[in-house]
Amino acid sequence: MSISQMKKILIASYKDQAGKLLEAIQQHGIMELLDSGRSVVAKEWPELESVWERPRQIEEKLDKLERAIAFLKEYAEKKGGLVAALAPKTVIERKMFSGVVSGGEANKKLEDALNIEKKIETLSTEAENIAAQIQSLLPWENMQTPVEEIDSLDKATVLAGFLSEKNYNETLTNLSKLAVFEKISQTGSTVAFYAIAFNENTQEVQKFLRNLEFEAANFTGLKGTANELIKNFNAKLAEIQNELVQARKDAKEISGSLLDLEIMADYYRNALSKHKAQMTSPQSEKVFLFEGWVKKKDFAELKKIVSRFDASSITEIPVRKDEDVPVEIDNPKFLKPFETVTRLYGMPQSTSVDPTAFLAPFFAIFLGLCMSDVGYGLILAVIFWWLGKKLQACKQAIMLFFICSFTTILAGLITGSWFADTITSLIPQDTKVFTVLNGIKDKFLLIDPIAQPINFIILTLAIGYFQMMFGFCIAMVRNLLQKNFVAAICDQLVWLVFFNNFLVIGIIKFGKLPASLMPVSVAVAIICAITILLFAVREGSWGSRIGMGAFQLFSAVFFVGDTLSYCRLMALAMVGAGFGMAINVLVKMLMDVPYVGFIAGAILFVVGHTFNIALSLLGAFVHSMRLQFIEFFPKFFSGGGTDFRPLTKEYKHIMIKE
């Protein structure tokens, strides 16, 4: 329930052991390595260098594997359904992973897959080219002259090509004395023809045709009549299509090896990551120096790993004052889901506090109050329990919503909301079901938000006020633990007394406390105000300190706005309940329709409340998070810490069952 203590360590390893040592460290995922740019050792001993050798073999292998995987996925049996979408990675045993990596069959399958891919690509390109040739020859199918003879005349030139019907008729009118025209075919408004002109007239004919957007036919390299060529091309195309069918069958067959290739791809991806970490570390002629961070609790485990390598040693080194220490938060299992909220905001500074444990109860209560419905909570509990079982990623976030579904149920019990007002509006009151459910509802009902909105507002304001006071207390305790007593008194204690004293004054005004206490409260308020004015800012000249102190005193007004901000909890609950009630009114109207009314009402009930749940959950999450970030965190939290990023193995395609 705190920020993990970090140790700065330096590992020296002879080059012949460095690779295996790094692999062992990567396997455990407990150390963050610093490259030469961030390494203190590299700065103190400039003679150390990082000799970057690009791992071309690994990169090329990984590239081939990813290409083969993408290719085979087109032919592999598709995993359908929502479950496959939620769990796209194949879960395997570590033994299977090791077997595939150490065996050589995957490499052969990779080459086979790439060869088939290349064959299909080549055949497809060839088929497209032949199909295009056939299309270009079809207009000339009725021409009896072999195409190679078109350019064989000595004293005349043949111009074969296409014109629009209009331009072709214009050409006949204007060039009939210069050339002989033969229309071969017409497709739509496009005419395929050839013109024969004596060589001395050819230039004039060409110039005229160019002005009419004449498109010349190309028979280069072809021999025979168009009809013969089309037949030959069709035969060749059929042959290629057969080869393509067979190649695709081969691809489908080899797609059964997709998992092996995915295992290999993840293996080489981790090997690449390890190699980059190694090559960017400072090194001498014979030794690698791995400088980095490890959590204090993992230091013993790291020492144990290093001890397995006789030519390697590990040393703890001091942390510089200006050094950026990475931050990792460490909470008990039941609090880990709430780390999702902390991580969304950003890591705390290494000298700050981990806010997870402090925000957890408030976040759960806030989200529950915003939803405030027993039925909605039950549905959310079932959905997120199921997602937690099926989903491979974001498990902590799912668990967060699963926990909050129970606070939603509790808030619904307190406010008497069961799918809004379904019990009283849709269930006949002369039935046993109504009697039982309404009895339960009334038994737990404490605040009816519709009938008693003021009480609900007071509840949310009270929770909000308590949270902000709690934030001041956290900061004060932290300052006391750090022996920063002046800050604890001037920055937190004075404000705590100042704000709560106004509560006391209000209670006195309402006659709940003796009026004789009023002078004492006024005196306390004045003392607090003077303290804030003089010591809220403790640096600079007295003029600037008093000026900033006056601003700080004035900013107490904003505290009222911060407290009122918690009214959004009530507002969201009321909006959700109101929308649910509107759905129930429409359902009731539909149910009165003869014959189909009940079915139509049931459909509207399911769809309407499902939409309301989704909308309410989105609003509840965003605003509950906002209250933590905007109202709560500034009282005690300092963000901007750097994430602890240990060298670890990551898997893109598979999951290894531990």
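Please read these numbers as outputs of a predicted model, since none were measured by experiment. (Residues numbered from 1 in each chain as written. Predicted model: local features only at pLDDT ≥ 70, side-chain atom pairs only at ≥ 80, totals over all residues. Heavy atoms only, no water.)

Engineer: With reference to specific residues and values, describe unusual backbone geometry.
Structural biologist: Even without being glycine, S372 reaches a positive phi, approximately 45°. Summarising the element assignment, S372 is placed in the loop between α13 (356-371) and α14 (374-390). Look at K483: it is not a glycine, yet its phi comes out positive at around 60°. Its place among the elements puts K483 in the loop between α18 (453-481) and α19 (485-509). (Helix = DSSP H or I, 4+ residues; strand = E, 2+ residues; numbered from the N terminus.)

Engineer: Can you break down the confidence of the model for the protein residue by residue, with the values?
Structural biologist: When the pLDDT values of the protein are averaged, the result is 91; 99% of them are 70 or greater. Taken element by element, the protein is modelled with least confidence in helix α4 (residues 81-86), mean pLDDT 74, and with most confidence in α13, mean pLDDT 96. (pLDDT = per-residue confidence, 0-100.)

Engineer: Which residues make up the nonpolar core, and what values do they have?
Structural biologist: Core analysis: the largest hydrophobic core is formed by 65 residues, its most contacted members being F363, L367 and F499. Counting residues per element, this core draws most heavily on α13, which supplies 11 residues. Not counting chain neighbours up to four residues away, the residues in contact with L367 comprise F401, C404, T408, L617, A620, F621 and S624. I69, L110, L244 and I254 belong to the second largest nonpolar core, which has 55 residues in total. (Core = buried A, V, L, I, M, F, W, Y, C linked by side-chain atoms within 4.5 Å. Buried < 20%, exposed > 50% of the residue type's maximum accessible area, 1.4 Å probe, protein only. Contact = heavy atoms within 4.5 Å.)

Engineer: Give a description of the pairing of strand β12 (residues 654-657) that names residues and reports values.
Structural biologist: In the case of a regular strand, side chains alternate between the two sheet surfaces. Here β12 shows a clear split, with I654 and I656 buried on one side and none of M655 and K657 buried on the other. Relative to β12, strand β4 (residues 90-93) runs parallel, the two sharing 4 bridges. Following the sheet pairing, E93 is matched in β12 by K657. (Pairing = 2+ DSSP bridges.)

Engineer: Explain α19 to me, and be specific about the residues and the numbers.
Structural biologist: For an α-helix, the turn length of 3.6 residues means that residues three or four places apart are oriented alike. The first and last C-alpha atoms of α19 sit 34 Å apart over 25 residues, in line with the 36 Å expected at 1.5 Å per residue. Remark: the principal bend of α19, roughly 35°, maps to L493. For α19, the secondary structure elements touched by its buried residues are α18, α20 (518-535), α21 (542-554) and α22 (556-564). Of the residues flanking the end of α19, it is G511, one or two places downstream, whose phi is positive at about 80°. (Expected span 1.5 Å × (residues − 1). Bend = angle between axes of the 7 residues up to and from the residue.)

Engineer: Before we move on, could you go through the environment of S136 and cite the residues and values that matter?
Structural biologist: On the secondary structure map, S136 appears in helix α6 (residues 105-137). Along the chain, S136 and A217 lie 81 residues apart, while their C-alpha atoms are 8.1 Å from each other. A distance of 2.7 Å separates the side chain of S136 from the backbone oxygen of Q133, its partner in a polar contact. (Polar contact = N/O pair within 3.5 Å; in protein donor to acceptor, adjacent residues only side chain to side chain.)

Engineer: Outline the sheet that holds strand β9 (residues 287-295), supporting the account with residue identities and numerical values.
Structural biologist: If you walk across this open sheet you meet the 4 strands as β3-β9-β2-β10, and the pairing is antiparallel. Two strands bound the open sheet, and with one partner strand each, they are β3 (31-33) and β10 (312-316). Across the sheet, the mean angle from the axis of one strand to that of its neighbour is 30°, orientation sign disregarded. This element, helix α11 (residues 299-307), spans β2 (6-14), β3, β9 and β10 of the sheet and lies at about 155° to β10. (Axes fitted to C-alpha atoms, helices over the stretch in contact; angles between N-to-C directions.)

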